[in-house]
Amino acid sequence: MAKIKFTKSFTQQEPIPADGIVLATNIMQTGRLHRYNLEEGEEGQASMLETEFSTWQEVDYCLACTSGGYAIQLALRVCGVKPGDKVLANAYTLAPVPGAIHNVSAEPVFVEINANYHIDLEDLATKSKNSGAKYLLLSHMRGHIANMDRIVEICNHEGIRLIEDCAHTMGSKWRGIRSGNFGLVSAFSTQTYKHINSGEGGFLTTNDPELAAKAVVSSGSYMLYGRHGASPAEKIFKKIRQHAPNYSGRMDQLRASLLRSQLPRLEKNIVRWNVLYDLLFEGLSNIDGVVIPKRHEKEFYVGSSIQFRLDKIGINQIPQFVDECSSRGVELKWFGASEPKAFTSRYDSWSYIKNLPVLPITLSILDRTLDMRIPLTFSSEDCKIIIQVIQSEIEKFQD
Ligand SMILES: *Cc1c(COP(=O)(O)O)cnc(C)c1O
């Protein structure tokens, strides 16, 4: 029998909705792309987007900015991280996270993960006590949400400020509460590969008026902060406006208009993602030698990617398995590779960080972990083909 091949791209997005294209075209016709370049009485796209996102996210304040990484960096700054400070972070994450910590001249203290891809709570408790860190930058890596009640408890107990990186969890919830609403400040990304797409872009959210005001001014508002949506009262700005440096990183009108057309469709898209995810979860879990952790019942996820481990083939065979799948059109990323590849890298490859720790549990989990994107351009039929390809390739290694 001829081998089945999968032919769709793992990096193909859906088009921008038609109303977003109209809105963006109208803005281009005016030439007024800058968020503060408005006519008398006109409300800007970026400002409306901030209001709409804050309503959707159920948070008081929202700043739209240039990228998710920028939002993280700014979040660290407004939370008070100073050069030399230590910042706890789960070791399973992506390069913009340690990059943001480095950008504010702080030092990451990496915490182990567990077999569910969550930050390890025991290691977190220990390092919260012993490391001297006063901040936790928690990235909900690949959409896996740890027990947020326990994390908040540990942070409160040790006087640690929690910053959430929600680049993979826009729309996810723990115990019915949106991811991003547990920490003091949170960051989201609207980069193409996340849940809404403006090419590049990000949000910073918080319920703290003073931190919100600092973030707005530092994003480069000059004294035009009044042109922001979902932002604090004038009197808060008056207090801080001459004390917040301008780290220019504003969202523009064009990107904001693209996002405004996608936000109302996000809930529907989450359902579509989860249909695909659940199909893949079920099909892949049934393959002998594939392990996928079950989600906690309190976790509501957005299945825009799937992670699984191969526990019956040798680690040294995994690169060959990945190559064979790739030759049949199924693109898997291996987190065990010693050299970083494309978007994938492991914490021990960030050699610019001093005293990189050895985290044996994290390494042993990532050694066997494969990661696959699930774009919305896939159908249920596509998922079935992917499952068949993976199954037949695994069988070759097991007999
Ligand atoms: C994408 C990503 C970011 C940064 O987002 P950008 O918008 O690309 O700067 C941060 N953290 C994680 C985990 C990401 O995947």
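The model shown is predicted, which means the values in this text are computed figures rather than measured ones. (Residues numbered from 1 in each chain as written. Predicted model: local features only at pLDDT ≥ 70, side-chain atom pairs only at ≥ 80, totals over all residues. Heavy atoms only, no water.)

A. Fine view of the overall build of the chain. Helix and strand counts for the chain come out as 13 helices and 14 strands. Computed over the C-alpha atoms, the radius of gyration of the chain is 22 Å, within 12% of the 21 Å expected from 2.2 N^0.38 for a compact globule of 399 residues. Projecting the C-alpha coordinates of the chain onto the three principal axes gives extents of approximately 70 × 55 × 35 Å. Considering only residue pairs separated by 6 or more positions, the chain has 72% of its internal contacts joining residues 24 or more positions apart. (Helix = DSSP H or I, 4+ residues; strand = E, 2+ residues; numbered from the N terminus. Rg over C-alpha atoms; globule rule 2.2 N^0.38 Å. Contact = heavy atoms within 4.5 Å.)

B. Spatial organisation of the packing of aromatic side chains. Evaluation of the coordinates by the stated rule reveals 14 aromatic pairs. Here Phe-53 and Phe-188 contribute two aromatic rings whose centre-to-centre distance is 5.2 Å and whose plane-to-plane angle is 75 degrees, an arrangement assigned as edge-to-face. Taken together, the positions of Phe-53 in helix H2 (residues 45–57) and Phe-188 in strand S8 (residues 185–189) put the pair 135 residues apart, joining distant regions of the chain. The pair formed by Phe-53 and Phe-188 is uniform in burial state, with each residue classed as buried. Ring geometry for Tyr-277 against Phe-281: centres 6.3 Å apart, planes inclined by 20 degrees, an arrangement best described as stacked. Linking Tyr-277 with Phe-281, this pair stays in helix H10 (residues 266–285), spanning four residues, or about one helical turn. Tyr-277 sits in the buried class, given a relative accessible area of 1%. Here the aromatic cluster, defined as three or more aromatic residues joined through ring pairs, consists of Phe-53, Trp-56, Phe-188 and Phe-203. Seen from the ring of Phe-300, Lys-173 lies directly overhead, with NZ or CZ sitting 5.8 Å from the centre. Between the NZ or CZ atom of Arg-295 and the centre of the ring of Tyr-301, over which it lies, the distance is 4.4 Å. (Phe/Tyr/Trp six-rings, centres within 6.5 Å; stacked < 30°, edge-to-face > 60°. Buried < 20%, exposed > 50% of the residue type's maximum accessible area, 1.4 Å probe, protein only. Lys NZ or Arg CZ within 6 Å of the ring centre and 35° of its normal.)

C. Examining the sheet that holds strand S12 (residues 305–310) more closely. If you walk across this open sheet you meet the four strands as S10-S12-S14-S13, and the pairing is antiparallel. The outermost strands of the open sheet, each flanked by one partner alone, are strand S10 (290–291) and strand S13 (333–334). Here two bridges tie S10 to S12, and the two strands are oriented antiparallel to one another. Paired with Val-291 across the bridge in S12 is Arg-309. Lying on the sheet, H10 is in contact with S10, S12 and strand S14 (369–373); it crosses S12 at an angle near 10 degrees. (Pairing = 2+ DSSP bridges. Axes fitted to C-alpha atoms, helices over the stretch in contact; angles between N-to-C directions.)

D. Broad picture of the domain arrangement of the chain. Structurally, the chain comprises domain 1 (18–264) and domain 2 (266–398). Relative to domain 2, the C-alpha centre of domain 1 lies at a distance of 27 Å. Each partner contributes residues to the interface: domain 1 has 40 residues there, and domain 2 has 38 residues. Sorting the residues of domain 1 by area buried against domain 2 places Glu-112, Tyr-117 and Arg-142 first, and these three jointly supply 19% of that buried surface. In this assembly, domain 1 and domain 2 are joined by two salt bridges. One salt bridge connects Glu-267 with Arg-178, and the closest N-O pair in it is separated by 3.0 Å. (Domains from an automatic or database assignment. Buried area = accessible area lost by both parts, 1.4 Å probe. Salt bridge = Lys/Arg side-chain N within 4 Å of Asp/Glu carboxyl O.)

E. Seen up close, the site of the ligand. Around the ligand, the surrounding shell holds 14 residues, and the nearest of these are Gly-69, Asp-165, His-168, Ser-189 and Lys-194. One of the side-chain nitrogen or oxygen atoms of Lys-194 is found 2.9 Å away from an oxygen atom of the ligand. If the ligand stood free it would expose 380 Å²; the protein chains cover 90% of that surface. If you list the elements that add at least two residues to the shell around the ligand, you get helix H3 (68–78) and helix H4 (96–103). Among the elements that line the shell around the ligand, the one with the most residues is H3, at three residues. For the shell around the ligand, a count of residues per class yields five nonpolar, seven polar and two charged. (Near = heavy atom within 4 Å. Polar contact = N/O pair within 3.5 Å; in protein donor to acceptor, adjacent residues only side chain to side chain. Areas by Shrake-Rupley, 256 points an atom, 1.4 Å probe, with all protein chains shown as cover. Nonpolar A, V, L, I, M, F, W, Y, C, P; charged D, E, K, R; others polar.)

F. Just unusual backbone geometry, in detail. Not every positive phi belongs to a glycine, and Arg-142 is a case in point at roughly 50 degrees. Within the secondary structure layout, Arg-142 lies in the loop between strand S4 (135–139) and helix H6 (148–158). What makes Arg-142 buried here is its relative accessible area of 14%.

G. Molecular detail of the pattern of salt bridges. By the definition in use, this model includes 25 salt bridges. Note that Arg-265 is salt-bridged to Asp-19, the shortest N-O span being 3.3 Å. Taken as a pair, Arg-265 in the loop between helix H9 (253–262) and H10 and Asp-19 in helix H1 (residues 18–30) lie far apart in primary sequence, 246 residues in all. In this structure Arg-265 comes out as partly exposed when scored by relative accessible area, which is 36%.

H. Quick peek at the sheet that holds strand S9 (residues 202–206). In space, the seven strands of this open sheet follow the order S1-S9-S8-S5-S4-S2-S3, with mixed pairing throughout. Of all strands in the sheet, those with a lone pairing partner are strand S1 (61–65) and strand S3 (107–111), marking the two edges. Across the sheet, the mean angle separating the axes of adjacent strands is 20 degrees when strand polarity is ignored. Along the sheet, H6 contacts S4 and strand S5 (161–165); its crossing angle with S5, the most-contacted strand, is approximately 145 degrees.

I. A look at the nonpolar core. By size, the foremost hydrophobic cluster in this structure holds 41 residues, and its most contacted members are Leu-76, Val-87, Phe-110, Leu-137 and Leu-204. Secondary-structure elements contributing two or more residues to this core are S1, H3, strand S2 (86–90), H4, S4, S8, helix H7 (209–221) and helix H8 (234–240). When residues in this core are grouped by element, the largest group, seven residues, is from H3. When neighbours within four sequence positions are excluded, Leu-204 is seen to be in contact with Tyr-61, Cys-62, Leu-63, Ala-71, Leu-74, Ala-75, Val-185, Ser-186 and Ala-215. Judged by nonpolar contacts, the second largest core, of 33 residues, contains Phe-10, Tyr-277, Leu-332 and Ile-386. (Core = buried A, V, L, I, M, F, W, Y, C linked by side-chain atoms within 4.5 Å.)

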